[in-house]
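Residues per chain are reported as follows:
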Amino acid sequence: MALRWRISALVAAAACAVAAAVGVLVHEFSRNRELSQARESARVTLDRAAVTYTRTGEVQGSGAALDAPGLPGDLRDLVEQGHRGTEFTTGPAGPAMWAARPAGSRVLSVRVDLTTTMRDIGALDASIVVAGLITTAVVLPLGVLTAGRMSRRLRTAAGTARRIAAGDLDARIAAGPRPRDEIADISTAVDTMAGALQKRLLGEQRFTADVAHELRTPLMGLVTAAELLPEGEAAGYVRDRVRVLGTLVEELLEISRLDAGAEHADMSPCPVGPLVHEVVARSGPATTVVGADETADTDGDADGDAGAATVRTDSRRLERILTNLVVNAHRHGRAPVVVTVSGDGRTVTVRDHGPGYPRTLLDDGPQRFRTGARERGTGHGLGLTIALGQAQVIGATLEFGDAPGGGALATLRLPAVPPPAGADPAGPAER
């Protein structure tokens, strides 16, 4: 709304400025014209009175006077020096134009009353003010309407850009073509950018999926060949590398399914505490669980374990998310790793005591094939990307931040009302 009212205020100020400028110009022009005409009239009357005075020695019927008591002092001094002149005054008797000239040892003067003329000019000024107010009153609503339309179009463009930034690559402004319209040009540019970005990301996703699928066949051959190798240090190393490669391929396939929207949640009651203990038990002894044993069943489901909070979610995907978070904390952080479960089981945090998440991850979210900070070790950046994608599938939110006192802190919040089974994921795995 700020832009709308700023433009409206600018339109109102411009209208007032134009009305004031026109009013001043008209006032000055009218006043100068009237004074010029009065000055000329006073001079003509004075010349006629001077001729009459020269011939008859008297001043009669011309409106002139000798040594008039109200004659301005400056004009009297000018006449005493042998000159003639005129002067406009606004004394107690009202506005008037004086003209005077020497008449022997005396001063012959004429006074032209301008009370009516100045009153007419005042009425003209009032009319100009009223016209300016009317013009402003007419122009201002039009300016508000125009500014409102511009503001709405800009808000639409900004909202669409935010949706695109949030991952909705199908969002478009769809503004019609308007010649010499800058807002339409911006809208078209945003739509073009979104289309190009969508094509590029879809190309990358297809490439990832194709690579993962193509690697599965030779990988199976490698697995079989590795199992046939005679036992020894070299065989163990080969089998370990094959397992790493297999894990990478499976993660790539999982990301490709998340990108394609092929993952759907299978909702069922899930005791969070026991699930957390299972994940921690597989991760190693350097993980501490807080709160999972003291929580109680919040929805009264008979399937929930005694003493464990039960939520309705996809347990397999929740386990996948927690496993990736704990493994990432051990791999890139430092012990101890602490997993905390809230009383209702809907919030789970994973904290390590390492250098914390890199700034790029906090600003842009996890990205595949990017770990973001050398001090957090090496990796493919797929674990957190998968965790975020699976959280979106079950309708949860996953946030990354810095823990008080140092270290990385991941917070998973399960929804109070989970999405129905088979629902599409909330969005792509990557932001």
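Residues numbered from 1 in each chain as written. Predicted model: local features only at pLDDT ≥ 70, side-chain atom pairs only at ≥ 80, totals over all residues. Heavy atoms only, no water.

## Here's the deal with the overall build of the protein
Broken down by element type, the protein carries nine helices and eleven strands. A buried classification covers 37% of the 431 residues belonging to the protein. When contacts within the protein are restricted to residue pairs at least 6 apart in sequence, those whose partners lie at least 24 apart make up 62%. If you sum the accessible surface of the protein, you get close to 23,700 Å²; carbon and sulfur atoms cover 57% of it. (Helix = DSSP H or I, 4+ residues; strand = E, 2+ residues; numbered from the N terminus. Buried < 20%, exposed > 50% of the residue type's maximum accessible area, 1.4 Å probe, protein only. Contact = heavy atoms within 4.5 Å. Areas by Shrake-Rupley, 256 points an atom, 1.4 Å probe, with all protein chains shown as cover.)

## Comments concerning a nonpolar patch on the surface
Taken together, the side chains of V130, I134, V138 and L142 define a hydrophobic patch exposed on the protein surface, amounting to about 370 Å² of accessible area. Tracing the backbone through its elements, the reader meets L142 in helix α3 (residues 115–165). (Patch = residues over 30% accessible without salt bridge, like charges linked within 9 Å, V, L, I, M, F, W, Y side chains within 5 Å. Salt bridge = Lys/Arg side-chain N within 4 Å of Asp/Glu carboxyl O.)

## A word on the sheet that holds strand β3 (residues 94–103)
Strand order across the open sheet formed by four strands is β1-β4-β3-β2, with antiparallel pairing between neighbours. Each edge of the open sheet is held by one strand with a lone partner, namely β1 (64–66) and β2 (85–91). Direction aside, the axes of adjacent strands within the sheet are offset by 30 degrees on average. Pairing of β3 with strand β4 (residues 106–113), which is carried by eight bridges, proceeds in the antiparallel orientation. By the bridge assignment, A100 is partnered in β4 with S109. Set on the sheet, helix α1 (residues 2–56) makes contact with β1, β2, β3 and β4; between it and β3 the angle comes to about 35 degrees. (Pairing = 2+ DSSP bridges. Axes fitted to C-alpha atoms, helices over the stretch in contact; angles between N-to-C directions.)

## Focus: the packing of aromatic side chains
Per the counting criterion, the structure on display carries one aromatic pair. Ring geometry for Y357 versus F400: centroids 5.4 Å apart, planes at 80 degrees, classification edge-to-face. Residue Y357 is found in the loop between β9 (347–351) and α8 (359–364), and its partner F400 is found in strand β10 (residues 397–402); the two are separated by 43 residues along the sequence. Each member of the pair Y357 and F400 is classed as buried. (Phe/Tyr/Trp six-rings, centres within 6.5 Å; stacked < 30°, edge-to-face > 60°.)

## Observations regarding the packing of α3 against helix α4 (residues 182–228)
Two quantities define a packed helix pair, namely the angle between the helix axes and the distance between the axes. Their axes nearest at 10 Å, the elements α3 and α4 cross at an angle of 10 degrees. For the element pair α3 / α4, the angle class is roughly parallel. Side by side, α3 and α4 meet where M150, R153, L154, A157 and I164 of the first sit next to I183, A184, S187, V190, A194 and L197 of the second. (Parallel < 35°, antiparallel > 145°, perpendicular 65-115°, else oblique.)

## Things to note about the pairing of strand β11 (residues 408–413)
Note that β9 and β11 share five bridges and pair antiparallel. Its bridge partner being in β11, T347 is matched across the sheet by R413. Two strands pair when backbone bridges link them, and β10 and β11 are joined in this way by six bridges, in the antiparallel orientation. Note on β11: the bridge partner recorded for D402 is A408. From the end of β10 to the start of β11, which pair antiparallel, there are five residues, and G405 there has a positive phi angle of about 90 degrees.

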